[in-house]
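Summary of structural features
Read off the chains here:
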Amino acid sequence: RERQRIPAPTGILEARASIMPAEKRIDAEDGVAYTFEELAEYYKGKYKKKAIEAYWDECKPVKKKGKAAKEPEPKVKAKSKGKAKAKTKAEPAPKSKAKAKAKADAAPKKESGRPALAGQYRSGKPVNVSPLTKMTKDDLGLLPQPKKPRFKTALVGIYVRSQPNGGTDKSSNGHRYDSIPFANGMIGADMSCQLINYVHEEHDVFFEVVKNFDALIVRCNPGQIKADGGYQNKFDDGMRALRKQGIQVWPSPDVMEFMGAKDALCKIADMSIGLEDTLAYYDAAAFSAGFKKTMAFQPRVIKQNRGSAGEGIWIIKLKSGNYCTSYGERSCADDEVLDMMEANDNHSEEHTVAEFVEFCLNGRTAKSGTWTSKGVGKYLEGGKEAGGQLVDQRFCPRIVEGELRYNMIGDSLFGIIHKKPKEGGISAVSGTGSIYTFYGPKEKKFANLTKNFLGADLAKIMPALGLTEEPIPLWWTSDFINASPPGTPEKDEKWIVGEFNCSCVGISKCLAACITDDAPNACFSDIAKKDANEVKRIGDMVGSKALTILLKEAKKTRIPAAAGEYLSGSPVDVSSLKKMTKDDLGLLQQPRKPKFKTALVGIYVRSQPNGGTDKSSNGQRYDSIPFANGVIGAGMSCQLIN
């Protein structure tokens, strides 16, 4: 229907205009009120009639103020909705008079460059997202979408309907408190970025709509999709399918899983930022035997995989201090007592080795004793596939001096935070009384770590985690602990990674926009000017990195197929046809969104050498590739079949 441009039934726009001649609604593009007729005339040719009707329904009606009230004079549109351009022109028809006067008198100042005001919505285009349920009140603070974006992107959020205000990470309009800076950064890089929400009841519709974007920024906090009644695995599988189609997802489910998993520390153990004696356990027998051996040698840190904010991360020492001199010399007995501290709140507990093992495996049982932890244990439940794992790492005593958080934007360091625990504590998790000190990316104190991390190890991280084909996340953190003995010169200090995090990392300078009991109406405008400047820098850097990734990916599509490469398998499924050729050497990549789908049909004569006298050595006719590439270059797909 779209391809043939079959017209909608005639008279729809005229009929609607006749039944609502006086009503005006606010166009979110410039915040000005127009009649349906004026709006339809402006967007005629840019959008289909039904799309204009749907957009009119989304526009906010103008509140009537009474007979004596004077309507505000409309602001100038970037493109004329009327025909008059100057006072010298002929007098327009009455219905266009006010609009023409505004065009004649208006200053050349652009209104469209201003951030959205309360009540304004700027996420309806360029991709048509009208089939999706709008969960938010407005797009306060969002810049206008570029008219000709280099790439089309969206920021995906989740509004948890079972929680007040949609979740504890929201502004009063329903958006996540730090969504606007990310979206504005993309827009500032000349890409569009629409704010949309995942609603699990419309899962199929959602993934059909987002196929029209070039990239998605996912800002759904862990657990929120489940809290809203959906299934995280189903959402993740949908995102994985998009990645296979060449659509960027930042971060993709695999990046979040592999970087966020605690066993990532085992995979980087041989790097300068790792510890060689880092172990991972996925089953009960391995954990019981391995932990008893490492615990007998030196103090340990045991980390569960699925917790957050330090829950299930235990710093453990033998109460007796009876450590062996070499690893493997002995294993702990079940009745040896452990002195333990949990990182989420720095509370202490004492348990026997047997009780701790039981709690980790089966939670609170008669064998595990009495626990004051807020957690429930069962850290291996569900097995490796379900994220059940424990990481066993050497305890670094200098953690009491604090840890360093490196805030990363792609492969660039944005800033460093030194997080020092409260006196007597070990964990510097927020809310435990820890002290945060902020440094710039070129801080001399940490120059050695910065140089080694960015220069030597950063490029190795994604391949080591099995993520060779994925870009480094747009916005992520790496936490470091000083593993050097006290007194080591700064230039010789060894800092090791405690964890990576790329799962919805927040922008702390935006917290003023997050609703609390004391600030139930918090919004993007509440961010202090000084903080807003830094927030903008973060957004701009994110947009720049995103554009670099998309341009790099776009270049890949212009690289012809190499020997042995086959590019004719899609977009039309031709798997039911017998493949008679060796490869598609020289063929360009098929466009992801072809204007039309074509094929070049050849014949391989099996009774003749090489398939015929007109063939190249790979079985294709000698001049097939130029024809196919010409079609691809015109924006259509062209698959080589026989």
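Just above sits the structure.
Sequence order as written defines the numbering, with residues in each chain counted from 1. Local features in this predicted model are restricted to residues whose pLDDT is 70 or higher, and side-chain atom pairs enter the listing and the counts only when it is 80 or higher, whereas totals over whole chains, interfaces and linings include all residues. Processing note: side-chain calculations cover all non-hydrogen atoms of the structure and skip hydrogens and water entirely.

On to the pattern of salt bridges. Salt bridges are counted wherever a side-chain nitrogen of Lys or Arg sits within 4 Å of a carboxyl oxygen of Asp or Glu. If you walk through the whole model with that rule in mind, you get 32 salt bridges. Across the salt bridge formed by Arg-25 and Glu-23, the nearest N and O atoms sit 2.9 Å from each other. Put simply, Arg-592 and Asp-214 hold a salt bridge, and the shortest N to O gap is 2.8 Å. On the criterion of sequence distance, the pair formed by Arg-592 in the loop between helix H14 (529-556) and strand S19 (597-601) and Asp-214 in the loop between helix H6 (203-209) and strand S6 (215-218) is long-range, its members being 378 residues apart. Numbering goes from the N terminus for both helices and strands, where a helix is a DSSP run of H or I of at least four residues and a strand is a run of E of at least two.

Of all five residues making up strand S13 (residues 390-394), four are buried, and the element is well covered by its neighbours. When strand S8 (residues 279-281) meets S13, the two strands line up antiparallel, connected through three bridges. Each residue of the ladder has a partner; that of Leu-279, found in S13, is Asp-392. One ladder, built from five bridges, connects strand S9 (residues 300-304) with S13; its direction is antiparallel. Among the inter-strand pairings, Arg-300 is bridged to a residue of S13, identified as Arg-394. Here's how the labels work: a residue is buried when its accessible area is under 20% of the maximum for its type, exposed when over 50%, partly exposed in between, all with a 1.4 Å probe on protein chains only. Criterion used throughout: strands pair if DSSP finds at least two bridges between them.

Next up on the list: helix H5 (residues 179-188). Residues spaced three or four apart along an α-helix point in a common direction, a consequence of the helix completing one turn every 3.6 residues. With nine of its 10 residues buried, H5 lies for the most part within the structure. Turning to H5, its buried residues are Ser-179, Ile-180, Pro-181, Phe-182, Ala-183, Asn-184, Gly-185, Met-186 and Ile-187. Phi turns positive, to about 70 degrees, at Asp-190, one or two residues after H5.

Moving on to unusual backbone geometry. For the peptide bond that leads from Lys-125 to Pro-126, omega is 15 degrees, which places it in the cis range. Relative to the assigned elements, Pro-126 resides in the loop between helix H4 (94-105) and strand S4 (152-157). The phi torsion at Asn-165 lies on the positive side, around 65 degrees, for a residue other than glycine. Considering the arrangement of structural elements, one finds Asn-165 in the loop between S4 and H5. Of note, the phi angle at Lys-378 is positive, near 55 degrees, even though the residue is not glycine. The topology assignment puts Lys-378 in the loop between helix H12 (353-362) and S13.

Moving on to the sheet that holds S13. In space, the six strands of this open sheet follow the order S8-S13-S9-S10-S11-S12, with antiparallel pairing throughout. Edge positions in the sheet fall to S8 and strand S12 (348-352), since each of these pairs with one other strand and no more. With strand direction ignored, the average angle separating the axes of adjacent strands in the sheet is 25 degrees. Of the strands in this sheet, S8, S9, strand S10 (313-318), strand S11 (337-342) and S13 touch helix H11 (residues 284-297), which is tilted by about 150 degrees from S8. The contact criterion used is simple: two residues touch if any of their non-hydrogen atoms lie within 4.5 Å. Only the stretch in contact is used when a helix axis is fitted, and all axes are lines through C-alpha atoms; the angle between N-to-C directions ranges over 0 to 180 degrees. Packed onto the sheet, H12 meets S9, S10, S11, S12 and S13 and runs at close to 105 degrees relative to S12.

Our next topic: the packing of aromatic side chains. Here is the rule: rings of Phe, Tyr and Trp (six-membered ring for Trp) pair when centre to centre is within 6.5 Å. Planes less than 30 degrees apart are stacked, more than 60 are edge-to-face, and the remainder are tilted. Evaluation of the coordinates by the stated rule reveals 22 aromatic pairs. Measuring from ring centre to ring centre gives 5.2 Å for Tyr-198 and Phe-206, while their planes differ by 80 degrees; the resulting arrangement is edge-to-face. For the pair formed by Tyr-198 and Phe-206, the shared burial category is buried. Seen in terms of ring centroids, Phe-359 and Tyr-379 are 6.1 Å apart; in terms of plane orientation they differ by 85 degrees. Their pairing is edge-to-face. You can see Phe-359 sitting in helix H12 and its partner Tyr-379 sitting in the loop between H12 and S13, a full 20 residues away along the chain. Taking the relative accessible area as the measure of exposure, Phe-359 reaches 0% and is therefore buried. Should the NZ of a Lys or the CZ of an Arg lie within 6 Å of a ring centre and within 35 degrees of the ring normal, that charge is described as sitting over the ring. Taking the ring centre of Phe-258 as reference, the NZ or CZ of Lys-267 above it sits at 5.6 Å.

Bringing the side chain of Thr-477 into the picture now. Within the secondary structure, Thr-477 sits in strand S17 (residues 475-482). Look at Thr-477 and you get buried, because its relative accessible area is 1%. Those residues in contact with Thr-477, other than ones at most four positions away along the chain, are Arg-405, Tyr-406, Asn-407, Glu-499, Phe-500, Asn-501 and Val-505.

Bringing the side chain of Arg-122 into the picture now. Relative to the elements of secondary structure, Arg-122 occurs in the loop between H4 and S4. In this structure, Arg-122 is buried with no salt-bridge partner, the nearest side chain bearing the opposite charge being Asp-139 at 7.3 Å. Here a polar contact is recorded for every N or O atom pair within 3.5 Å, except that within protein the pair must consist of a potential hydrogen donor and a potential acceptor, and residues adjacent in sequence are included only if both atoms are side-chain atoms. From its side chain, Arg-122 meets the backbone oxygen of Arg-114 in a polar contact 2.5 Å long. Counting rule for charge: Lys and Arg are taken as positive, Asp and Glu as negative, and neither His nor the chain ends is counted.

The length a helix should cover is 1.5 Å for every residue beyond the first. Relative to the 18 Å expected for 13 residues at 1.5 Å per residue, helix H8 (residues 232-244) spans 19 Å between its end C-alpha atoms, a close match to the ideal helical length. Considered for burial, the residues of H8 that qualify are Phe-235, Asp-236, Gly-238, Met-239, Leu-242 and Arg-243. An end-on view of H8 places all buried positions within 155 degrees of arc, on one side of the element. Opposite the buried face of H8, at more than 90 degrees from it, the exposed residues are Asn-233 and Lys-244. Those residues of H8 that are buried are in contact with S4, H6, S6, helix H7 (224-227), strand S7 (248-250) and helix H9 (253-260). Arc, as used here, means the arc of the directions from the helix axis to the C-beta atoms.

Below, the discussion takes up the sheet that holds strand S18 (residues 495-501). With antiparallel pairing, five strands are arranged side by side in an open sheet as S16-S15-S14-S17-S18. Each of the sheet's edge strands pairs with one partner strand only, and the pair in question is strand S16 (435-439) and S18. With direction set aside, neighbouring strand axes in the sheet form an average angle of 25 degrees. Bridge analysis of strand S14 (residues 403-409) against S17 gives seven bridges, and the strand direction is antiparallel. Residue Tyr-406 lies in a different strand from S17, and its bridge partner there is Ser-478.

A separate point is the pairing of strand S1 (residues 24-27). Two elements, S1 and strand S2 (residues 32-35), share four bridges in a ladder whose sense is antiparallel. Bridge assignment links Arg-25 to a residue of S2, and that residue is Tyr-34.

Turning next to the packing of H11 against H12. Interaxial distance between H11 and H12 falls to 11 Å at its minimum, and their mutual angle equals 150 degrees. Crossing handedness for the pair H11 and H12: right-handed. Where H11 approaches H12, its residues Ala-284, Phe-287, Ser-288, Phe-291 and Lys-292 are matched on the opposing element by Val-353, Phe-356, Val-357, Cys-360 and Leu-361. Put simply, a crossing is left-handed when the front helix is turned counterclockwise from the back one by less than a right angle, and right-handed when it is turned clockwise.

Ranked by size, the top nonpolar core spans 36 residues in total, and within it Ile-196, Phe-206, Phe-235 and Met-239 carry the most contacts. If you list the elements that add at least two residues to this core, you get S2, helix H2 (36-43), helix H3 (49-58), S4, H6, S6 and H8. Top contributing element to this core by residue count: H2, with five residues. Excluding its chain neighbours within four sequence positions, the residues that come into contact with Ile-196 are Val-129, Leu-132, Ala-154, Leu-155, Val-156, Gly-157, Phe-206, Val-210 and Phe-213. By nonpolar core is meant a set of buried Ala, Val, Leu, Ile, Met, Phe, Trp, Tyr and Cys residues that side-chain atoms within 4.5 Å join together. Judged by nonpolar contacts, the second largest core, of 33 residues, contains Ile-409, Leu-474, Val-505 and Ile-549.

So, about the packing of H5 against H14. The contact between H5 and H14 brings their axes to 7 Å, and the two run at 50 degrees. Between H5 and H14, the interaxial angle falls into the category oblique. With respect to the hand of their crossing, H5 and H14 are arranged in right-handed fashion. Residues Pro-181, Phe-182, Gly-185 and Met-186 of H5 touch H14, and the partners they reach there are Val-535, Gly-539, Asp-540, Val-542, Gly-543 and Ala-546. Classifying every residue of the contact of H5 with H14 by side-chain character gives six nonpolar, three polar and one charged. For classification, angles of less than 35 degrees are called roughly parallel, those exceeding 145 degrees roughly antiparallel, those between 65 and 115 degrees roughly perpendicular, and all remaining angles oblique. Note that Gly is not counted as nonpolar here; it falls among the polar residues with everything else outside the nonpolar set of Ala, Val, Leu, Ile, Met, Phe, Trp, Tyr, Cys and Pro and the charged set of Asp, Glu, Lys and Arg.

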